[in-house]
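Report on the structure
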Amino acid sequence: MTTTQPDPAAGAAVKAADRAHVFHSWSAQGLIDPLPVAGAEGSYFWDHDGNRYLDFSSQLVNTNIGHQHPKVVAAIQEQAGKLCTLAPGFAVDVRSEAARLIAERTPGDLDKIFFTNGGAEAVENAVRMARLHTGRTKVLSAYRSYHGATAAAINLTGDPRRWPSDTASAGVVHFWGPFLYRSPFHAEDEAQECERALAHLEDTIAFEGPQTIAAIILETVPGTAGIMVPPPGYLAGVREICDRHGIVFVLDEVMAGFGRTGHWFAADHFGVTPDLLTFAKGVNSGYVPLGGVAISAEIAATFDQRPYPGGLTYSGHPLACASAVATINAMAEEEIVENAAEIGERVIGPELRAIAERHPSVGEVRGLGVFWALELVKDKETREPLVPYNASGAANGPMAEFAAACKRGGLWPFVNMNRTHVVPPCTVTEAEAKEGLAALDAALSVADTHTHAG
Ligand code: PMP
């Protein structure tokens, strides 16, 4: 592996320059301490001081193909030499090819691809399409969800990240999705959770008025809110409810799509086809900003003779599309989705369950593919979270101590609220997975000291 010669002075200069002018997202500017990164390759990145980190966060769960994949880097370089930018109204080979490769992989008849610059913008457009298609305005979304930080997407988000930006959630109604570990329905098993969650959704629709509801949006497997794999039958049940009431079913696969769960799309696990599917992140591993909406034949037909009123200057950007083509082709040639499924099932899942047995702080392990969450608790019996559910999240206290211990062990974790997510690249090898899980195991001893048992 190429690494950069350690140069602490260079790192200090990068950090000083950052603090001078960069205003960071989702951060208190005076409290943050951004790590100056010198380079990255595969599952690792490193700083200027000579510290190397195994990236169990995939950044923001987007580097599904790992860092600096040579085929994707080459495709971007080649495209830059040919055509760097082109307005959305023109046709160009890399855009058409990216759309074909995506349409071939999305479930069912989701065969038309609307390109965006990221996930939130995909959600904005999916909602707009659903409203124009149905002539209705309300959108139902689940508590414990994240759909992005733009106006409509943050209103749809169903957790405290919404609060500071909530504009009274115009047209948005939240409902509870299934989550057996902290069941809103006091269910005792998955079948009961599924049945009660569907009944609750039916009630919500009845009292909101089905004829007012344009769409229901769900993350197929909710990601940043906790990787809650839905019980068998739930998504098929939502599909049936949507069909019965003429409601557009949107699945948000911005995080779960493109191999993360061990299938191209998480919907493939459940045999469900939505009317609209949003994607971003893994489509090109974030090498150039890209997202989009895969659209059913019926909704696409709505805009056949009538213009679709949406799109930005950079929609379907050639550099982004070239990197998507190279990413998807490399994922297919190198069997990267299969790797995510296999490592998840054979190495990560069993090892996380064994880790949970050893540590009083691990309340639950859940996930699939390379998409796992450990829920950290003070007490396994009461399930009291290690950090209370509040907007301050993991910025301080035991979770911050746990994250620092991971980093000292050479592991870059993804920590949110009282959870740590195990979300390495889909390319992660068995040896890397074991190295990361060993570092996680050691760091959990720090979390254990904050439990009632510790
Ligand atoms: N939907 C989901 C499920 C996401 O996880 C995210 C980002 N974490 C978004 C939408 C928003 O994507 P972006 O940050 O690219 O706008």
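Source: prediction; values computed, not measured. (Residues numbered from 1 in each chain as written. Predicted model: local features only at pLDDT ≥ 70, side-chain atom pairs only at ≥ 80, totals over all residues.)

1. Comments concerning the site of the ligand
The condition is simple: Put plainly, near means the residue's C-beta atom, positioned from the backbone, lies within 6 Å of the molecule or strand in question. Helix and strand assignments follow DSSP, with helices taken as H or I runs no shorter than four residues and strands as E runs no shorter than two, numbered in order from the N terminus. Under the scheme applied here, ten amino acids are nonpolar (Ala, Val, Leu, Ile, Met, Phe, Trp, Tyr, Cys and Pro), four are charged (Asp, Glu, Lys and Arg), and all others, including Gly, are polar.
Around the ligand there are 16 residues in total, and Gly118, Gly119, Ala120, Gly148 and Val254 lie nearest to it. A total of three residues in the shell around the ligand trace back to one element, the largest contributor, which is helix H5 (residues 119-134). The residue inventory of the shell around the ligand, partitioned by class, reads seven nonpolar, seven polar and two charged.

2. Describing the packing of helix H7 (residues 190-208) against helix H8 (residues 234-245)
Filter applied, for reference: Axes, fitted as lines to C-alpha atoms, cover a helix only where it is in contact. Angles between the N-to-C directions of the axes lie from 0 to 180 degrees. Should an angle lie under 35 degrees it is considered roughly parallel, over 145 roughly antiparallel, and from 65 to 115 roughly perpendicular; all remaining angles are considered oblique. By convention the crossing between two helices is left-handed if the near helix lies anticlockwise of the far one by an angle smaller than a right angle, and right-handed if it lies clockwise. The contact criterion used is a C-beta to C-beta distance within 7 Å, with each C-beta placed from the backbone.
Two elements in contact, H7 and H8, have axes whose closest approach is 10 Å; the angle formed by their N-to-C orientations is 25 degrees. Considered as vectors, H7 and H8 are oriented roughly parallel to each other. Relative to H8, H7 is oriented so that their crossing is right-handed. Along the contact surface, H7 presents Cys194, Ala197, Leu198, Leu201, Glu202 and Ile205, while H8 presents Tyr234, Gly237, Val238, Ile241 and His245.

3. Quick word on the sheet that holds strand S14 (residues 414-416)
Here is the rule we go by: At least two DSSP bridges between two strands are required for those strands to pair.
Across the sheet, which stays open at both edges, the four strands sit in the order S11-S12-S15-S14 with antiparallel pairing between neighbours. In this open sheet, the two strands that pair with only one neighbour each are strand S11 (362-368) and S14. If you compare each strand with its neighbour and ignore which way they point, the axes differ by 20 degrees on average. Note that S11 and strand S12 (residues 371-376) share six bridges and pair antiparallel.

4. Section: the domain arrangement of the protein chain
Convention followed: An automatic or database domain assignment supplies the residue ranges for each domain.
The domain boundaries assigned to the protein chain delineate domain 1 (8-68 + 335-448) and domain 2 (70-333). A straight line from the C-alpha centre of domain 1 to that of domain 2 covers 25 Å. Tallying the contact residues gives 29 residues for domain 1 and 29 residues for domain 2. The set of elements that each furnish at least two residues to the side of domain 1 that touches domain 2 consists of helix H2 (58-61), helix H12 (336-358), S11, S12 and strand S15 (419-422). It is H12 that contributes the most residues to the side of domain 1 that touches domain 2, five residues altogether.

5. Description of unusual backbone geometry
Inclusion rule: Buried residues are those with 20 or more other C-beta atoms within 10 Å of their own C-beta, exposed residues have 12 or fewer, and partly exposed residues lie in between; C-beta atoms are placed from the backbone.
Of note, the phi angle at Val61 is positive, near 55 degrees, even though the residue is not glycine. Positionally, Val61 belongs in helix H2. Residue Val61 is classed as buried on the basis of its C-beta count, with 24 C-beta atoms lying within 10 Å. In the Ramachandran plot, Ile227 falls in the positive-phi region, its phi being about 50 degrees despite a non-glycine side chain. The residue Ile227 is located in the loop between strand S7 (213-219) and H8 in this model.

6. What to know about the environment of Asp441
The residue Asp441 is located in helix H14 (residues 430-448) in this model. On the basis of neighbour count, Asp441 is assigned to the partly exposed category, with 16 C-beta atoms found within 10 Å. As for Asp441 and Leu352, which are separated by 89 residues in sequence, their C-alpha atoms are 8.8 Å apart.

7. Here's the deal with the nonpolar core
Here is the rule we go by: The term nonpolar core refers to a group of buried residues, namely Ala, Val, Leu, Ile, Met, Phe, Trp, Tyr and Cys, whose C-beta atoms join them within 7 Å.
Ranked by size, the top nonpolar core spans 126 residues in total, and within it Ala215, Ile216, Val250 and Leu276 carry the most contacts. The dominant element in this core, judged by the number of residues it contributes, is helix H11 (residues 318-333), at nine residues. Looking at which domains feed residues into this core, each of domain 1 (8-68 + 335-448) and domain 2 (70-333) supplies at least three.

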